[in-house]
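# A look at the structure
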Amino acid sequence: MATPAEKAMAAGINFDLVMFEGFVHYAMIVDNLTKLKDFPIRDDDVLLCTYPKSGTHWAWEILNMIVAGKAEYAEHWQNSAWLEYRTQEELEKLASPRILHTHLRPSQLPHALWDKQCKVIYVRRNPKDCVVSSFCQFTQQIWKENCSKKQIYTGSWNDYIDLYLDEYLPSGPYFQHTIEWANISEIHEEFEICRVQYEDMKKDCVQEIRRMADYLGRQLSDRTCQEISEACSFKNLKHANENLKDQTYHFRWQNGSSGYFRKGTTGDWKNWFTVAQSDRFDKIYEKRLKEKFPY
Ligand code: A3P
């Protein structure tokens, strides 16, 4: 019987995938994932946790600015501080306070995290918009690590939704990820995390910046919050990432374009999902998460 990893590759994921701790993963990060459990977390680390395509670049830049106390772009792309992709040596070299980010589930994170004083910000987004966003990424991006030299995914949109709902994508099992983050306070009762919605950031970014700053214990003036919001608007952040930042950690897509900043809107899923696909998505969501589809 084919494993989910084998099924995902057969459906058009052009990457070496393996099963690790029950789920599909890129083979190239399994070694890192194993070592990560003992990763030395620092008390002042800030950890941004997201399911892929939930606005990680956006929130990461905002967090850097909050911690710096000014609307100044971080030198590098967020991939410089990606917990599961950078080596421990690379992460050790980052100056404190580090703004790390991850797409991992709580059970995959360093054990020491939950005993520390560090801060965890968890950002969620309508999963239908995440599916569209990741489909656009996977069908356009050719990673330099990918020996096949093909796009990450060369299958159909319909099969891609199935891979997402079956939790066969190497970007992580959506439902398991969401359930674990929803229940984290029951497992680590003392640990307080800050929950943020992409859609709320779209509605009132200044308010969400203020909320994140309060959680991080940073006093920011209204003016600084405004300036951070403006510097991190879709247009400005795209420009900064593509033109102002050091490009070492920019994993370019075809033709050097940066699809990481694609549309930056809510509800684009309506341009992609058929009614039947959307209904199916809602039903499976409700069954797995035991709540009505909230978006
Ligand atoms: P779309 O593909 O829907 O445009 P991540 O950073 O987790 O990979 O998420 C990428 C998504 O966040 C992309 O969504 C991207 O356009 C969107 N995004 C990035 N910066 C943004 C910003 N400043 N405002 C709104 N959305 C942003």
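Just above, that's the structure.
Residues numbered from 1 in each chain as written. Predicted model: local features only at pLDDT ≥ 70, side-chain atom pairs only at ≥ 80, totals over all residues. Heavy atoms only, no water.

## Digging into the nonpolar core
Among the nonpolar cores identified, the biggest contains 94 residues, and I13, I62, L63, I66, V120, I121 and W181 are the most heavily contacted of them. A total of 8 residues in this core trace back to one element, the largest contributor, which is helix α3 (residues 56-68). When neighbours within four sequence positions are excluded, L63 is seen to be in contact with V46, L48, I99, I121, M212 and L216. (Core = buried A, V, L, I, M, F, W, Y, C linked by side-chain atoms within 4.5 Å. Buried < 20%, exposed > 50% of the residue type's maximum accessible area, 1.4 Å probe, protein only. Helix = DSSP H or I, 4+ residues; strand = E, 2+ residues; numbered from the N terminus. Contact = heavy atoms within 4.5 Å.)

## Re the side chain of H57
Here H57 lies in helix α3. Its relative accessible area of 12% is what places H57 among the buried residues. The residues touching H57, leaving out its near neighbours within four places in the chain, are W77, Q78, L237, Y260 and F261.

## Some points on the pairing of strand β2 (residues 23-26)
Of the two faces of β2, the one holding F23 and H25 and the one holding V24 and Y26 are both buried throughout. Pairing between strand β1 (residues 17-20) and β2: 4 bridges, direction antiparallel. Within β2, the residue paired with F20 across the bridge is F23. (Pairing = 2+ DSSP bridges.)

## So, the environment of R42
Note that R42 resides in the loop between α2 (30-36) and β3 (46-50). C-alpha of R42 to C-alpha of L113: the two residues are 71 residues apart in sequence and 8.3 Å apart in space. Ignoring sequence-local partners within four residues, the contact set of R42 consists of L91, E92, L94, A95, S96, R98, K116 and C118.

## What about helix α5 (residues 127-138)?
An α-helical turn contains 3.6 residues, so any two residues separated by three or four positions project in the same direction. Given a rise of 1.5 Å per residue, 12 residues ought to cover 16 Å, and the 16 Å separating the end C-alpha atoms of α5 matches this to within 8%. The buried count for α5 comes to 12 of 12 residues, which makes it a mostly enclosed element. When α5 is considered as a whole, its buried residues turn out to be P127, K128, D129, C130, V131, V132, S133, S134, F135, C136, Q137 and F138. Among the structural elements, β2, α6 (157-166), α7 (174-182) and α13 (275-289) are those in contact with the buried residues of α5. The opening residue of α5, the one whose side-chain oxygen lies 2.9 Å from the backbone nitrogen of K128, is N126. (Expected span 1.5 Å × (residues − 1). Polar contact = N/O pair within 3.5 Å; in protein donor to acceptor, adjacent residues only side chain to side chain.)

## Brief notes about the pattern of salt bridges
Pairing between side chains of opposite charge can happen when the charged atoms of each approach one another. Applying the stated rule across the entire model yields 18 salt bridges. The partner of E242 in a salt bridge is K238, and the shortest N-O contact between them spans 3.2 Å. Of the two residues, E242 and K238 are both situated in helix α12 (residues 234-244); the distance of 4 residues between them amounts to about one turn of the helix. The exposure class of K238 is partly exposed, given its relative accessible area of 26%. Between D268 and K263 there is a salt bridge, with the nearest N and O atoms lying 2.9 Å from each other. For D268, a relative accessible area of 4% corresponds to the buried category. (Salt bridge = Lys/Arg side-chain N within 4 Å of Asp/Glu carboxyl O.)

These figures capture arrangement, not role.
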